[in-house]
Amino acid sequence: QLENFEDPERVRRWQRSIETKDNSNIWVAKEGTHVIGFCMATSRDGLHDLRALYVHPNYQGRGVGRQLMTKALEWLGDEKDISVYVASYNSQAIGFYKKNGFIKTNIVAPSHKLNSGKEIPEILMIRRGK
């Protein structure tokens, strides 16, 4: 089941996250008044991370993710490595990141636990800097 991007509690969680994070940026894709995707990146202590990139399934394959990724990569720059954790079973996301210059590593992260209690196994992907 998909979480509603516009769920008031989800919006409050993201607002708290935005307000408390230094050196981060968030881009939001909308169609009319509806949020259809977002991307969050951080740059701190010399580390560049792509923290999240989500596009509603009804809008995938239309270039929304590519546009969000382009904004994040422009903001982060290409001087340093950029890391992203991806659900290990999400071959579509892994393929998307590969198309954008990321490579899979052998590093497995501790499972990401959602508020629902569901755990998502993740792997690390890296986009090498110059």
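Before reading further, recall that the structure is shown in the block above.
An account of the accompanying structure is given in this report. For clarity, every value in this text was computed on a predicted model and none was experimentally measured.

**Digging into the overall build of the chain**
Tallying secondary structure elements over the chain gives three helices and six strands in all. What you see in the chain, going N to C, is helices and strands ordered as α-β-β-β-α-β-α-β-β. Expressed as a percentage of the 130 residues in the chain, the buried residues total 35%. Restricting the contact set of the chain to residue pairs at least 6 apart, pairs at least 24 apart contribute 52%. Carbon and sulfur atoms make up 47% of the accessible area of the chain, which amounts to about 8,600 Å² in all.

**What to know about the environment of Asn-58**
Here Asn-58 shows up in the loop between strand E3 (47-55) and helix H2 (64-76). Sequence-wise, Asn-58 and Ile-36 are 22 residues apart; in three dimensions their C-alpha atoms are separated by 8.4 Å.

**Points about the pairing of E3**
Inspection of the sheet shows strand E2 (residues 34-44) paired to E3 by eight bridges, in the antiparallel sense. Residue pairing in the sheet places Thr-42 in a bridge with Asp-49 of E3. The turn joining E2 and E3, which pair antiparallel and follow one another in sequence, is formed by two residues; a positive phi near 50° is taken by Asp-45. Here two bridges tie E3 to strand E4 (residues 82-87), and the two strands are oriented parallel to one another. When the bridges of E4 are listed, His-48 appears paired with Ile-82. Read as a crossover between parallel neighbours, the route from E3 over H2 to E4 is right-handed.

**Details of H2**
An α-helix turns once per 3.6 residues; consequently, residues spaced three or four apart project the same way. Across its 13 residues, H2 extends 19 Å between first and last C-alpha, which sits within 8% of the 18 Å expected from 1.5 Å per residue. What H2 keeps buried is the set Val-64, Gly-65, Leu-68, Met-69, Ala-72, Leu-73 and Leu-76. Each buried residue of H2 sits inside an arc of 160° when the element is viewed along its axis, so together they form one side. Seen from the open side of H2, the exposed residues pointing more than 90 degrees away from its buried face are Gln-67 and Glu-74. Among the structural elements, strand E1 (24-31), E2, E3, E4, helix H3 (91-99) and strand E6 (119-127) are those in contact with the buried residues of H2.

**Here we look at H3**
Those residues of H3 that sit buried are Ala-93, Ile-94 and Tyr-97. Projected down its long axis, H3 shows its buried positions confined to an angular sector of 100°, all on one face. Exposed and facing more than 90 degrees away from the buried side of H3 are Ser-91, Gln-92 and Lys-99.

So, how was this worked out
- Residues numbered from 1 in each chain as written.
- Predicted model: local features only at pLDDT ≥ 70, side-chain atom pairs only at ≥ 80, totals over all residues.
- Heavy atoms only, no water.
- Helix = DSSP H or I, 4+ residues; strand = E, 2+ residues; numbered from the N terminus.
- Buried < 20%, exposed > 50% of the residue type's maximum accessible area, 1.4 Å probe, protein only.
- Contact = heavy atoms within 4.5 Å.
- Areas by Shrake-Rupley, 256 points an atom, 1.4 Å probe, with all protein chains shown as cover.
- Pairing = 2+ DSSP bridges.
- Right-handed = clockwise from strand over helix to strand, strands pointing away.
- Expected span 1.5 Å × (residues − 1).
- Arc of directions from axis to C-beta.

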